[in-house]
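Understanding the architecture of this molecule
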Amino acid sequence: MAAAALSRFLPATSRVTLVESDDIGTVGVGEATIPQIRLFNSSLGVEEGAFLATTQGTIKLGIEFVGWTGPDSRYTHAFGAIGRGLGLLPFHHYWLRQQTGSLWDYSVAAAAAKAGRFAPDPGRPELPTGLTWAYQFDAGLYAGLLRGQAEARRVTRVEGEVATVTRDPLSGDVTALVLNDGRQIAGDFFIDCSGFRGLLVGEAMGVPFDDWSRWLPCDRALAVPSEAIRPILPLTRATARTAGWQWRIPLRHRTGNGLVFCSAYLNEDAATAELLRGLDAPALAEPRLLRFTTGRRTDAWAGNCVALGLASGFLEPLESTSLHLVQSGIARLLQFWPGERIAPADRDAFNRETAREWASIRDFLVLHYHANARAEPFWQACRAVPLPDQLAAKLDLFRAHGRIVREGDELFTEVGWLQVMLGQGVLPASYHPLADAPSAEDLASFLDAQRRHVSAVVGRMPSHEQFLRTETRDLS
Ligand SMILES: Cc1cc2nc3c(=O)[nH]c(=O)nc-3n(C[C@H](O)[C@H](O)[C@H](O)COP(=O)(O)OP(=O)(O)OC[C@H]3O[C@@H](n4cnc5c(N)ncnc54)[C@H](O)[C@@H]3O)c2cc1C
């Protein structure tokens, strides 16, 4: 992703070299995304139909959370708008006043996901639907697509293993990578995309890792593909389990599954059994174990080196944010691209904004764990964890009058927070007092019209599979 974007946006005089090791390989998971990926793709000229065809991709309209507040509980964090506001207030205050139907009856994405339907333009573009979407895809195939683009734009790809890093004795800046066959790759600016190890920013530059596992205690994942399921739903599923949760990501050629769990509460054998029991179709391989610590490098940019991806930290995939964090890191890096000389003010601003972004996503994830209603010891312990201050304030605000304030340019919108708070059983004592302005009859017909609009829009959509067939001319 970084090589593709840099080769697209840097002046032609810049030379980009990508060092990768087939022997080490990639982490090989990361299949569900959020809608911002569409902006990244379009900035690189990656067209949707070709992307879906190349990556065995499917549409994602949100995440269905199952079992987080009890065995049969279920809600969706759907993308895009929910309902239409009135006057000064967002929609949900009116819904909270009347509570006609479920909140998700007013979401095109949630209703389409439930019906297994999708169309980017459901026939009447003049009607605002607030629909937006993301993708589920094979990340290895996506990497191949971007690699092809990057190489076509003169990125030099070097296959080899970095053995040591040479640094300037005075400034501490990285001057070259030394490969284990002795080759040297010199450079002015380095991007550390080396995965969990953090070869440059962590090992060479010594930037400390801020451990967030007190809030997000899961530290293992077991990943396994299973046979494709039909119909292919445009939805990722996250099902709470004994000491963590299980993902299900439907692609065209297979389904991605995994169990994220806390090793202090569940051993690997029990976790493997729980994962395999929870599959909808036969497994296609042995489960693969990944170990991680949630948290981040305190400074993503140190000296002449910027960490992206797992080298910069890890937030578990509960809201599919990691690939986005790479892409927003790239966008931010381009925004603060240093030119001839690195200005400390640029680096500090980059680090400040990165820290803010990560903390707000962390809080959103913590909300899911905190507001659970499950009986197992792991989940009881999650409820007892003291919250980060900003999250505690957000919950207090919502509990009083259903108000949600989006801080700065934080990633998740008011509608995202709303769905997860209500879905996880966080209920406000009341709604905004101004929502009492319309008469009960006017409000009823306002809500009724919106529900009918959503079901009419969804009714015009083809099935998700039909959309994929048309869009990609193939559904293998
Ligand atoms: C269990 C799990 C589930 C996930 N699910 C999702 C998801 O659904 N959605 C999402 O957005 N994200 C998800 N992620 C995160 C996602 O997988 C990563 O953000 C993404 O793959 C980026 O990884 P990376 O490139 O930083 O690291 P890696 O994939 O580990 O790549 C590291 C690269 O560095 C190279 N390298 C390392 N050391 C050396 C060396 N010494 N010399 C030369 N090359 C070297 C490797 O060869 C490799 O190419 C998930 C992560 C995990 C662990």
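Nothing here was measured: the structure is a model prediction, and the numbers come from that model.

Right, let's talk about helix α9 (residues 322–335) for a bit. Taking 1.5 Å per residue, 14 residues should reach 20 Å; α9 reaches 20 Å between its end C-alpha atoms and fits that length. For α9, the buried fraction is high: 10 of the 14 residues fall into the buried class. Along α9, the positions that sit buried rather than exposed are L323, H324, L325, V326, Q327, S328, G329, I330, R332 and L333.

This part takes up the UniProt feature "active site" (unreviewed entry) in the chain. The UniProt entry lists K60 under the feature "active site" (unreviewed entry), expressed in the numbering used here. Residue placement: K60 occurs in strand β2 (residues 58–60). We classify K60 as buried; its relative accessible area is 0%. Those residues in contact with K60 that lie beyond four places of it in its chain are A32, T33, F79, W133, A134, Y135, Q136, P234, L235, T236 and S320. In terms of polar contacts, K60 uses its side chain to reach the backbone carbonyl oxygen of T33, at 3.0 Å.

The next subject is the packing of helix α10 (residues 344–370) against helix α13 (residues 414–423). Relative orientation and spacing of two packed helices are given, respectively, by the angle between their axes and the distance between those axes. For the pair α10 and α13, interaxial distance at closest approach is 9 Å and the crossing angle is 20 degrees. Between α10 and α13, the crossing angle belongs to the class labelled roughly parallel. The chirality of how α10 crosses α13 is left-handed. Contact residues: α10 offers S360, D363, F364, L367 and H368, while α13 offers G416, W417, V420 and M421. Counted by class, the contact of α10 with α13 contains 5 nonpolar, 3 polar and 1 charged residues.

Now for the packing of α10 against helix α12 (residues 389–401). Contact pair α10 / α12: the axes reach a minimum separation of 10 Å and the direction vectors enclose 65 degrees. At the point where α10 passes α12, the crossing takes the right-handed sense. Residues D363, V366, L367 and H370 of α10 form the contact with α12, whose own contacting residues are Q390, L391 and L395. Taken together, the residues of the contact of α10 with α12 break down into 4 nonpolar, 2 polar and 1 charged.

In the numbering used here, UniProt assigns the "binding site: FAD" (unreviewed entry) feature to V162 and L310. Tracing the sequence through the fold places V162 in strand β7 (residues 162–167). According to the relative accessible area criterion, V162 is buried, its value standing at 15%. If you trace the backbone, L310 turns up in the loop between β19 (305–307) and β20 (313–314). With sequence-adjacent residues up to four places away left out, L310 is seen in contact with V27, G195 and F196.

Taken in spatial order, the 3 strands make up an open sheet running β11-β17-β20, and their pairing is antiparallel. Looking at strand neighbours, the two that pair on one side only are β11 (209–211) and β20, the edges of this open sheet. Here β11 pairs with strand β17 (residues 295–297) via 3 bridges, running antiparallel. By the bridge assignment for β17, D211 is matched with G295.

The next thing to look at is the site of the ligand. Contacts to the ligand come from 28 residues, most closely from V29, A32, V162, L310 and L323. A distance of 3.2 Å is found between an oxygen atom of the ligand and a backbone nitrogen or oxygen belonging to G25. In this structure, S322 approaches the ligand through a main-chain N or O atom, which is 3.4 Å from an oxygen atom. Protein contacts shield 91% of the accessible area of the ligand, which totals 1000 Å² for the unbound molecule. By residue class, the composition of the shell around the ligand is 14 nonpolar, 10 polar and 4 charged.

Before going further, it helps to spend a moment on the packing of aromatic side chains. Under the definition given, this model contains 25 aromatic pairs. Ring centres of F51 and F137 lie 5.2 Å apart, and the angle between their planes is 70 degrees; on these two criteria the pair is classed as edge-to-face. Of the two residues, F51 sits in helix α3 (residues 48–54) while F137 sits in the loop between β5 (134–136) and α6 (139–152), which places them 86 residues apart along the sequence. Overall, F137 belongs to the buried group, its relative accessible area being 0%. Ring centres of F378 and W379 lie 5.0 Å apart, and the angle between their planes is 80 degrees; this geometry places the pair in the edge-to-face category. Both residues of the pair, F378 and W379, count as buried. Taken together, the ring pairs connect F65, W68, Y75, W104, Y265, Y369, F378 and W379 into an aromatic cluster.

Moving on: the layout of surface pockets. It is a probe the size of a water molecule, rolled over the atoms, that shows where empty space is left. Put simply, the second largest pocket is a space of about 680 Å³. If you trace the second largest pocket, you find 31 residues lining it, with H324, S328, R332, E357 and D409 closest to the centre. Contributions of two or more residues to the lining of the second largest pocket are made by α1 (2–9), α2 (37–43), α9, α10 and α12. Residue classes in the lining of the second largest pocket are distributed as 11 nonpolar, 9 polar and 11 charged.

Cis geometry is adopted by the peptide bond preceding P231, which originates at R230 and carries an omega value of -5 degrees. Within the element layout of this structure, P231 appears in the loop between β12 (220–226) and β13 (236–241). Phi angles above zero are rare outside glycine, and R154 is one such case at about 75 degrees. Along the chain, the position of R154 falls in the loop between α6 and β6 (156–159). For S320, which is not glycine, the phi dihedral falls at a positive 55 degrees.

The next thing to look at is empty space enclosed by the protein. Per the counting criterion, the structure on display carries 3 cavities of 30 Å³ or more. Of the volumes computed, that of the largest cavity is approximately 80 Å³. Elements with a contribution of two residues or more to the lining of the largest cavity: α9 and α10. Of all the elements, α9 adds the most residues to the lining of the largest cavity, at 5 residues. Its residues assigned to classes, the lining of the largest cavity shows 7 nonpolar, 5 polar and 2 charged. The volume enclosed by the second largest cavity comes to roughly 40 Å³. For the second largest cavity, the full set of lining residues is W215, V366, Y369, H370, C382, V385 and L387. The class makeup of the residues in the lining of the second largest cavity is 6 nonpolar, 1 polar and no charged.

Cut-offs used in this document
- Residues numbered from 1 in each chain as written.
- Predicted model: local features only at pLDDT ≥ 70, side-chain atom pairs only at ≥ 80, totals over all residues.
- Heavy atoms only, no water.
- Helix = DSSP H or I, 4+ residues; strand = E, 2+ residues; numbered from the N terminus.
- Expected span 1.5 Å × (residues − 1).
- Buried < 20%, exposed > 50% of the residue type's maximum accessible area, 1.4 Å probe, protein only.
- UniProt positions renumbered as here; feature names shortened; annotations may be inferred.
- Contact = heavy atoms within 4.5 Å.
- Polar contact = N/O pair within 3.5 Å; in protein donor to acceptor, adjacent residues only side chain to side chain.
- Axes fitted to C-alpha atoms, helices over the stretch in contact; angles between N-to-C directions.
- Parallel < 35°, antiparallel > 145°, perpendicular 65-115°, else oblique.
- Left-handed = near helix turned anticlockwise from the far one by under 90°.
- Nonpolar A, V, L, I, M, F, W, Y, C, P; charged D, E, K, R; others polar.
- Pairing = 2+ DSSP bridges.
- Near = heavy atom within 4 Å.
- Areas by Shrake-Rupley, 256 points an atom, 1.4 Å probe, with all protein chains shown as cover.
- Phe/Tyr/Trp six-rings, centres within 6.5 Å; stacked < 30°, edge-to-face > 60°.
- 1 Å grid on protein atoms, 1.4 Å probe; cavity = no way out; pocket = protein on both sides within 12 Å on 5 of 7 lines; lining within 4 Å.
- Points joined across faces, edges and corners; volume = space filled by probe spheres on them.

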